[in-house]
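# Observations on the three-dimensional arrangement
One-letter residues, chain by chain:
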Amino acid sequence: MASFKTGRKQLVKTRYSNIKMKKFILSIFIYAYTQFGATAQQLDFDTLQTSNVTDADGNVYKTILFGNTWWMASNLRTKHYNDGSVIVQMTELISESDEENNWDWWAGVGRWGYPNLDPTTTDTYGLLYSWSALTNTKNGGSCPAKWKLSDTTDWFNLARIIVGNDNVLCNNITRISAAGETETGFEAYQATGLGRFLKSDNGVLWTYEPTISNDCNSAGMNVVPTGKLNTKIVEFGTLADFWTSNYVHPDSIGQGRRYVTFSNTHHDMVVSRNHNANLQCARCTKKAESQTGAAGQQVLQASAISVSPNPAQGFVTITTPGSARWSVSNSTGVLVRFGSMPAGSETVNISSLSSGIYIVSVYCSNTVTHTKVLKSY
């Protein structure tokens, strides 16, 4: 497998003047399971680990492991929360002139609805939900037990794995919330070309523009054009909007809920924000848990993978008994370095990273081990 770039563009640049000593904790999480590449050209989708998960209604979903995160490979379609409570169905479009009904929406009542208001769409398209239904915790949530609504970090780490960091654009912003607290989020960001690998294949469901390739879905994620519901049916057949759990204090009341969009006019993933009243589709995720290898597969001991020295100065050396893929991410889960290596040792330059907490992940075989390294320089 071709080597990944070990040098990455620094996401956050911080200048230090007359500072000779800087310290941070470098947490090393060594995730060891089936390896795959970190860019589309090198990623063999056929080697990805798969499983399944069941929701509160008994619906079974195929799941796929990307990096250290499990993804549902189809849209959520439960009509109940995990405690058995019913999620209220949206049976008709919102009336802009119905003040009481609108207040019900703005007050955060969870709703679900059929894409295109058509009950026959469920098996292929899943269901559409208000943001409130997906972020409800008092009823045990709507994602399968131990799973959560995907957030923007999940989506962009998926993008970095599939299309590479050079195709991911994130612009951080800081706002003051209504409570006077400082909130950090993303104002404008996108992942170029990600939809080319995630959208359902062959243009059977998507009404693609003539200039757009419809040879899609190599990653097996089956992104379908559900459209959305509010005061009207919006772009069924041409658009997919996925709610995330992220909320950033908005410029206008109610429009702080983040979602990711895929369109029929291009293959980029774009992030925006909207009212919680819209009904949109959802994907759930779960971090990979520690596990032992399946019968007949090599199981690595905790000491078989190492990251050193401890403490380190400017670099860390990763040592593995077999070929592996590694990544470095910051404390919020954003990837800042990644690469691949044969059996043996690989030196990773971290001298340009700002002080802080970083996570090193090493993917090799089938066992998960954990350790920590104190780094100062």
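Refer to the structure printed above.
The structure displayed is predicted, hence computed values, not measured ones. (Residues numbered from 1 in each chain as written. Predicted model: local features only at pLDDT ≥ 70, side-chain atom pairs only at ≥ 80, totals over all residues. Heavy atoms only, no water.)

To continue, consider the overall build of the protein. Across its full length, the protein holds five helices and 23 strands. Counting all 377 residues of the protein, 53% fall into the buried class. Sequence separation of at least 24 residues holds for 65% of the intrachain contacts in the protein that already meet a minimum separation of 6. When the accessible surface of the protein is totalled, it reaches about 16900 Å², and 49% of it is carbon and sulfur. (Helix = DSSP H or I, 4+ residues; strand = E, 2+ residues; numbered from the N terminus. Buried < 20%, exposed > 50% of the residue type's maximum accessible area, 1.4 Å probe, protein only. Contact = heavy atoms within 4.5 Å. Areas by Shrake-Rupley, 256 points an atom, 1.4 Å probe, with all protein chains shown as cover.)

The next thing to look at is the environment of Glu-209. Examined against the element boundaries, Glu-209 turns out to sit in the loop between helix H5 (195–198) and strand E11 (228–229). Judged by its relative accessible area of 35%, Glu-209 falls in the partly exposed class. Between the C-alpha atoms of Glu-209 and Asn-264, which are 55 residues apart in sequence, the distance is 6.3 Å. Apart from residues no more than four positions distant in its own chain, Glu-209 is found in contact with Asn-264 and Thr-265.

Here we take up the sheet that holds strand E8 (residues 148–149). Within the open sheet, the five strands sit side by side as E2-E3-E4-E16-E8. Their pairing is antiparallel. Looking at which strands have only one partner, the edges of the open sheet turn out to be strand E2 (50–54) and E8. By the bridge criterion, five bridges tie E2 to strand E3 (residues 60–66) in an arrangement that is antiparallel. Counted as the bridge partner of Thr-54 is Val-60 from E3. Packed onto the sheet, helix H4 (residues 152–163) meets E3, strand E4 (69–72), E8 and strand E16 (284–287) and runs at close to 100° relative to E4. (Pairing = 2+ DSSP bridges. Axes fitted to C-alpha atoms, helices over the stretch in contact; angles between N-to-C directions.)

Mapped onto the secondary structure, Asn-264 falls in the loop between strand E14 (257–263) and strand E15 (269–274). Here the side chain of Asn-264 touches Thr-207 through a polar contact of 2.6 Å, landing on its backbone oxygen. For Asn-264, the contacting residues outside a window of four places in its chain are Lys-199, Trp-206, Thr-207, Tyr-208, Glu-209, Ile-212 and Thr-238. (Polar contact = N/O pair within 3.5 Å; in protein donor to acceptor, adjacent residues only side chain to side chain.)

It is worth spelling out the pattern of salt bridges at this point. Applying the stated criterion to the full structure yields five salt bridges. Here Lys-287 ties to Asp-154 by a salt bridge, and the two come within 3.9 Å at their closest N and O atoms. Of this pair, Lys-287 sits in strand E16 while Asp-154 is found in helix H4, placing the two residues 133 residues apart along the sequence. For Lys-287, a relative accessible area of 42% puts it in the partly exposed group. With a shortest N-O distance of 3.9 Å, Arg-196 and Asp-215 are connected by a salt bridge. Residue Arg-196 is found in helix H5, and its partner Asp-215 is found in the loop between H5 and E11; the two are separated by 19 residues along the sequence. If you follow the salt bridges from partner to partner, you end up with Lys-148, Asp-151, Asp-154 and Lys-287 in one network. (Salt bridge = Lys/Arg side-chain N within 4 Å of Asp/Glu carboxyl O.)

Here the focus is the packing of aromatic side chains. The full count for this structure, using the stated rule, is 10 aromatic pairs. A ring pair is formed by Trp-155 and Phe-242, whose centres lie 5.2 Å apart and whose planes are at 45°; its orientation type is tilted. Separated by 87 residues along the polypeptide, Trp-155 in helix H4 and Phe-242 in strand E13 (residues 239–247) bring together distant segments of the chain. In this structure Trp-155 comes out as buried when scored by relative accessible area, which is 0%. (Phe/Tyr/Trp six-rings, centres within 6.5 Å; stacked < 30°, edge-to-face > 60°.)

Residues spaced three or four apart along an α-helix point in a common direction, a consequence of the helix completing one turn every 3.6 residues. Helix length check: H4, at 12 residues, gives a terminal C-alpha distance of 16 Å against a target of 16 Å (1.5 Å per residue), a fit within 8%. Of all 12 residues in H4, 11 are buried, a share of seventy percent or more. For H4, every residue scored as buried is listed here: Thr-152, Asp-154, Trp-155, Phe-156, Asn-157, Leu-158, Ala-159, Arg-160, Ile-161, Ile-162 and Val-163. Backbone nitrogen of Thr-153 and a side-chain oxygen of the N-cap are separated by 3.1 Å at the start of H4; the cap is Asp-151. (Expected span 1.5 Å × (residues − 1).)

On to the environment of Tyr-189, then. Summarising the element assignment, Tyr-189 is placed in strand E10 (residues 182–191). In sequence terms Tyr-189 and Met-269 are 80 residues apart; their C-alpha atoms lie 8.6 Å from each other.

In this structure, Asn-116 takes a positive phi of about 65° despite not being glycine. For Asn-116, the location among the structural elements is in the loop between strand E6 (111–113) and helix H2 (122–125). Of note in the backbone geometry, Asn-217 takes a positive phi value of approximately 75° without being a glycine. Looking at the element boundaries, Asn-217 is found in the loop between H5 and E11.

This part covers the pairing of strand E18 (residues 315–320). As judged from the three bridges shared by strand E17 (residues 306–308) and E18, these two strands associate in the antiparallel manner. Bridge pairing in E18 places Val-307 opposite Ile-318. Where E18 lies against strand E21 (residues 344–349), six bridges are found, and the strand directions are antiparallel. Pairing of Thr-320 across the sheet is with Gly-344, part of E21.

By themselves these figures say nothing about function.
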